[in-house]
Amino acid sequence: MTYLIGVGSEQNYQWIKHEHSVQKILNSARACVKKNRFNQFHKILKPLIKQGNPEAIFLAATFSRPRESFEKHEERYIEYMQRAAAKEYPPALYVLGFYYDMGHAVPVIPHDQLKAAQIFKRAAELKHAHCQYLHATALLYVAHGMEIDVPAGLAYLHDSAEAKFEGSLKLLAEFYEKGEFGLPVDLKRAASLQAAAERDDVIGY
C-alpha cells in the first residue's frame with residue numbers, strides 16, 4: 001500500500017526554474033505517479049535528493065516508499081519537509097508553518113504560532129498563495145505578533161486572489177461588499193470575486 005500526504009501541493013510554481021536535466025527528472029517522477037509506479041518514482045528522484053534539490057525532496061516526501069509503514073512515512077515526511085523548508089521551497093515552508101501552528105508534530109516540531117507566522121510570512125514573500133492569505137489576515141487583524149499594515153495586507157490578499165486561492169477570493173469579495181479596510185463598496189466586483197471562488201480551478205484551503 002502507498003500512503004499519500006498531500007498538504008501544500010495544490011499550487012503550481014511556474015516561476016521556479018530548473019536546469020533542463022533536473023526538470024526532466026522531476027517531470028519523469030510525476031509521470032510515474034500518474035501510472036502508480038512508485039518504486040520507479042523514488043529511484044528516479046534519489047539523485048536529486050542527494051543533491052539537496054528541495055522540489056525533489058518535497059515530492060519524494062509526499063508518497064510512501066515500498067514497505068514503508070504509515071508511521072515511518074510520516075516521520076520521513078516531517079524530516080523531508082524540514083529539509084526542503086531550509087532551502088526555502090514555498091510549499092515546504094507552508095507545511096512546516098502548519099506543523100508549528102497546529103502542534104501536530106510535537107515534540108519534533110514544537111507548537112509555536114509566533115514561529116508559524118514568521119514562516120508563513122517568508123512563504124508569502126515567495127508567492128505561496130495560501131501563505132499570502134494567512135500573512136495578509138495576520139497584518140489586517142493584528143494576529144500572531146504582527147503589527148497592523150493594511151496596505152501590505154491588502155496587497156498580499158490581492159496577489160493571493162490573482163493566484164486563485166479560494167480564501168482570498170472570498171475574503172476580498174466580503175471586503176468589497178461591505179467597503180472594509182478602505183476599499184470602496186463595489187457589489188459588482190464582490191460578485192465577480194465570489195463567482196471566481198466557486199470555480200473548479202481554485203486553490204482550496
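The sections below set out a description of the structure shown in this document. Please read all numbers here as calculations on a predicted model, not as lab measurements.

**Quick notes on unusual backbone geometry**
Along the chain, Val 106 connects to Pro 107 via a cis peptide bond; the corresponding omega equals 5°. With a phi angle near 65°, Arg 67 is a residue other than glycine that sits in the positive phi range. Position of Arg 67 among the secondary structure elements: in the loop between helix 3 (54-62) and helix 4 (70-86).

**Quick notes on the layout of surface pockets**
Quantified by volume, the largest pocket comes out at close to 530 Å³. In this structure, the largest pocket is lined by 19 residues; those nearest its centre are Gln 11, Asn 12, Arg 30, Glu 55 and Tyr 89. If you list the elements that add at least two residues to the lining of the largest pocket, you get helix 1 (20-34) and helix 3. When its residues are assigned to classes, the lining of the largest pocket shows 8 nonpolar, 8 polar and 3 charged. Its volume calculated, the second largest pocket comes out at about 160 Å³. Looking at the second largest pocket, the residues that line it are Asn 39, His 42, Lys 46, Ile 49, Lys 50, Ala 60, Arg 65, Pro 66, Arg 76 and Tyr 80. Of all the secondary-structure elements, those providing two or more residues to the lining of the second largest pocket are helix 2 (38-50) and helix 4. In terms of residues, the lining of the second largest pocket owes the most to one element, helix 2, which gives 5 residues. Each residue belonging to the lining of the second largest pocket can be placed in one class, and the counts come to 4 nonpolar, 2 polar and 4 charged.

**Structural notes on the environment of Glu 88**
You can see Glu 88 is positioned in the loop between helix 4 and helix 5 (90-102). Residue classification places Glu 88 among the partly exposed residues on the basis of a relative accessible area of 36%. Sequence spacing of Glu 88 and Ile 119 is 31 residues, and the spatial spacing of their C-alpha atoms is 9.6 Å. Residue contacts for Glu 88: discarding those within four places in its chain leaves Leu 93, Arg 122 and Leu 126. A polar atom in the side chain of Glu 88 sits 2.9 Å from the side chain of Arg 122.

Conventions adopted
- Residues numbered from 1 in each chain as written.
- Predicted model: local features only at pLDDT ≥ 70, side-chain atom pairs only at ≥ 80, totals over all residues.
- Heavy atoms only, no water.
- Helix = DSSP H or I, 4+ residues; strand = E, 2+ residues; numbered from the N terminus.
- 1 Å grid on protein atoms, 1.4 Å probe; cavity = no way out; pocket = protein on both sides within 12 Å on 5 of 7 lines; lining within 4 Å.
- Points joined across faces, edges and corners; volume = space filled by probe spheres on them.
- Nonpolar A, V, L, I, M, F, W, Y, C, P; charged D, E, K, R; others polar.
- Buried < 20%, exposed > 50% of the residue type's maximum accessible area, 1.4 Å probe, protein only.
- Contact = heavy atoms within 4.5 Å.
- Polar contact = N/O pair within 3.5 Å; in protein donor to acceptor, adjacent residues only side chain to side chain.

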